[in-house]
Amino acid sequence: MHKTRDSFGSKFGAIAALAGSAVGLGNIWKFPYEAGNNGGGAFLIIYIFFTLAIGLPIMLSEFALGRRGQQNAFGTFKTLAPGSKWYLFGLLSIIAAAFILSFYGTVSGWTLEYVWLAISGAFHHQTAEGIHDTFNTFISHPYKAVIWQVSFMVITGAIIVAGVKKGIERYTKMMMPVLFVIVILLGIRASTLPGAGEGLKFLFYPDFSKLTGQSVLSALGQAFFSLSLGMGVLLTYASYIRKTENLAHISLQVITTDTLVAILSGIAILPAVFSFGIDPQAGPGLVFLTLPQVFQSMPLGYFWAILFFILLTFAALTSAISLMEVVVAYLVEEKKMSRLKATITTTSGIGLLGIFCTLSFGPLQNIRFFGLSIFDTFDFVSSNILLPLGGILICIFAGWRLDKSILCDEISNEGRLKFKFFRLYAFILKYVAPICIFVILLNSMGILK
Ligand code: PHE
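Residues numbered from 1 in each chain as written. Predicted model: local features only at pLDDT ≥ 70, side-chain atom pairs only at ≥ 80, totals over all residues. Heavy atoms only, no water.

J.: Would you mind showing me how to read the overall build of the protein here?
T.: Each helix and strand counted, the protein has 18 helices and zero strands in total. Put simply, the protein has 449 residues, and 58% of those count as buried. Across the protein, contacts joining residues at least 24 apart in sequence account for 82% of those joining residues at least 6 apart. Computed over 31 positive and 21 negative side-chain charges, the inter-centroid distance for the protein is 10 Å. (Helix = DSSP H or I, 4+ residues; strand = E, 2+ residues; numbered from the N terminus. Buried < 20%, exposed > 50% of the residue type's maximum accessible area, 1.4 Å probe, protein only. Contact = heavy atoms within 4.5 Å. Lys, Arg positive; Asp, Glu negative; His and termini not counted. Charge placed at Lys NZ, Arg CZ, Asp CG, Glu CD.)

Written out as structure tokens, the structure reads:
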């Protein structure tokens, strides 16, 4: 059918692309403060447990479905469950990806502005208020943030249009190692700052008294978002993985990289935050509001700031690419568009939606849905509803609907590889994972407090 379908040319390329999707803004700003707020080491243990016990089996299932289907998310379900309505789930995940990319583009645009600000030395000799003003004026500006957001989308589109091997694989293979080196350098620098011990303690000391039901759920939600599960991203990328690769190994490698970068980001950010007496609970604003302050009072801070915001941009870009590919693959394969036309359509469509998200910090801040701004609505609906829903549906489809032999064949490369844990995997997929996710879903909709 799709005779000349593009694919990842090497195992490293596949891992770089997949890990690139997983490692994103979620790891660098969200993980450190979530961990710190929810009992440090105690949160870490639970987070790692969920990642391995629930994230890994779902990731492996998405890989198996995607590589089996050899198509976009919509086509995969149409082929694997012919005559059923499962293709609607494929469609839902494509819509979820478009939604996430819309608001992800807003924050990614901010990271580009901050690379520019860092290069132009804008944080030099700034007071804390000055840095706050810079941020607030920027995000509420009538067009500045929009220009950066649109530029970010165009860069993402330019990589996508070049194809899977020559675009996605080529660029993620370059960006991921650089990202890894930068986060290690920043980690070393931060942990040698005076008073850094406090930050490391915040991250690693297991304070079980801070662990509540809510934090257990946060750990599961964080694991889900961070691993890019449940929205057709891993499924679409997996359709480009060669039939000879070992899917179980790849999922383990992607998960290890994602967790490692999250921990390294914690090591890079928290000691600096403590060493300069900043409140680690500043949340999402932490990176944009407090880190420039940290960098400007650090020796050679000018360079560290540039490095840090480049790191953030790379992390955002490799995730954005994976989200855009979900939509583009659908348009190319189902709507028979050329890759160029599909990319232009997607970039403009999502770029336009994203403009509303971006402007909701400024001119459109009074437009509210149930009290949430446009940006927050997009974030809430996709992260808290569509994403867990996608996860449950993957479990139901792979665990209950699909013939077990198909999963087994795909994971074992038609019996050529041994997969000792198949029973355990199938058990988690059928029972443990969907129930756990159902609980988060109820919680995030406020039904379970
Ligand atoms: N995993 C990415 C992060 O940690 C975000 C993302 C979610 C990317 C869903 C793709 C799909 O930031």
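Let's pick the thread back up.
J.: For this particular structure, what's the right way to read the site of the ligand?
T.: The immediate surroundings of the ligand are formed by 15 residues, with Ala22, Gly26, Tyr104, Phe225 and Ser226 found nearest. The separation between an oxygen atom of the ligand and a polar main-chain atom of glycine 26 is 2.8 Å. Burial of the ligand by the protein chains amounts to 100% of its free accessible area of 320 Å². Elements represented by at least two residues in the shell around the ligand include exactly helix H1 (11-22), helix H2 (25-37), helix H10 (213-226) and helix H14 (301-334). Grouping the constituent residues of the shell around the ligand by class yields seven nonpolar, eight polar and no charged. (Near = heavy atom within 4 Å. Polar contact = N/O pair within 3.5 Å; in protein donor to acceptor, adjacent residues only side chain to side chain. Areas by Shrake-Rupley, 256 points an atom, 1.4 Å probe, with all protein chains shown as cover. Nonpolar A, V, L, I, M, F, W, Y, C, P; charged D, E, K, R; others polar.)

J.: Looking at this structure, how should I read the pattern of salt bridges?
T.: It is possible for side chains of opposite charge to pair when their charged atoms get near one another. Following the criterion strictly, the structure yields nine salt bridges and no others. A salt bridge links glutamate 410 to arginine 67, with the nearest nitrogen and oxygen atoms 2.8 Å apart. Taken together, the residues glutamate 410 in helix H17 (residues 404-411) and arginine 67 in helix H3 (residues 41-69) connect sequence positions 343 residues apart. With respect to burial, glutamate 410 and arginine 67 carry one shared label: buried. Across the pair arginine 68 and glutamate 410 runs a salt bridge whose closest N-O atoms are separated by 3.1 Å. Residue arginine 68 is located in helix H3, and its partner glutamate 410 is located in helix H17; the two are separated by 342 residues in the primary sequence. For glutamate 410, a relative accessible area of 2% corresponds to the buried category. Among the ionic contacts, a cluster of salt bridges with common partners joins Arg67, Arg68, Lys243, Glu410 and Glu414. (Salt bridge = Lys/Arg side-chain N within 4 Å of Asp/Glu carboxyl O.)

J.: Honestly, the packing of aromatic side chains in this entry has me stumped. Any pointers?
T.: Each aromatic ring pair is characterised by the separation of its centres together with the angle its planes make. This structure, assessed with the given rule, holds 35 aromatic pairs. What links up through ring pairs into an aromatic cluster is the set Phe103, Trp110, Tyr114, Phe123, Phe135, Phe288, Phe295, Phe308, Phe309, Phe361 and Phe375. Taking NZ or CZ as reference, lysine 201 lies 5.9 Å from the ring centre of tyrosine 205, over its face. The ring of tryptophan 400 carries the charged tip of lysine 430 above its face, separated from the ring centre by 4.6 Å. (Phe/Tyr/Trp six-rings, centres within 6.5 Å; stacked < 30°, edge-to-face > 60°. Lys NZ or Arg CZ within 6 Å of the ring centre and 35° of its normal.)

J.: Help me understand helix H4 (residues 73-80) in this model?
T.: Counting along an α-helix, one turn takes 3.6 residues, and residues three or four places apart therefore face a common direction. With six of eight residues buried, H4 is to be regarded as a mostly interior element. Within the sequence span of H4, burial applies to Ala73, Phe74, Gly75, Thr76, Phe77 and Leu80. Buried residues along H4 sit against H3, helix H5 (87-119), helix H11 (233-238), H14 and helix H16 (374-401). One side-chain oxygen of the residue at the start of H4 lies 3.0 Å from the amide nitrogen of phenylalanine 74, identifying that residue as asparagine 72.

J.: What is the right way to read the nonpolar core from this model?
T.: Nonpolar side chains in soluble globular proteins tend to be buried together. Residues Phe8, Phe31, Ile58, Phe288, Phe295, Phe308 and Phe309 are the most contacted members of the largest nonpolar core, which totals 154 residues. Looking at this core, the element that brings in the most residues is H14, giving 20 residues. (Core = buried A, V, L, I, M, F, W, Y, C linked by side-chain atoms within 4.5 Å.)

J.: Would you mind going over a nonpolar patch on the surface with me for this structure?
T.: On the surface, Ile396, Trp400, Phe427, Tyr431, Val432, Ile435 and Val439 cluster together to form a nonpolar patch covering roughly 630 Å² of accessible area. Put simply, the parts of the chain that give the nonpolar patch at least two residues each are H16 and helix H18 (422-444). In terms of residues, the nonpolar patch owes the most to one element, H18, which gives five residues. Counting through the fold element by element, isoleucine 396 comes out in helix H16. (Patch = residues over 30% accessible without salt bridge, like charges linked within 9 Å, V, L, I, M, F, W, Y side chains within 5 Å.)

J.: What is the right way to look at the packing of H3 against helix H12 (residues 247-275) in this model?
T.: Helix packing geometry: the angle between the two helix axes and the distance between the axes. Remark: H3 packs on H12, axes separated minimally by 9 Å, with the N-to-C direction vectors making an angle of 140°. Compared by their axis directions, H3 and H12 come out oblique. The two elements H3 and H12 cross, and the hand of that crossing is right-handed. The segment H3 lies against H12, with Leu44, Tyr47, Ile48, Thr51, Leu52, Gly55, Leu56, Met59, Leu60, Phe63, Ala64 and Arg67 engaging Leu247, Ala248, Ile250, Ser251, Leu252, Val254, Ile255, Asp258, Thr259 and Ile263. A class-by-class count of the residues in the contact of H3 with H12 yields 16 nonpolar, four polar and two charged. (Axes fitted to C-alpha atoms, helices over the stretch in contact; angles between N-to-C directions. Parallel < 35°, antiparallel > 145°, perpendicular 65-115°, else oblique. Left-handed = near helix turned anticlockwise from the far one by under 90°.)

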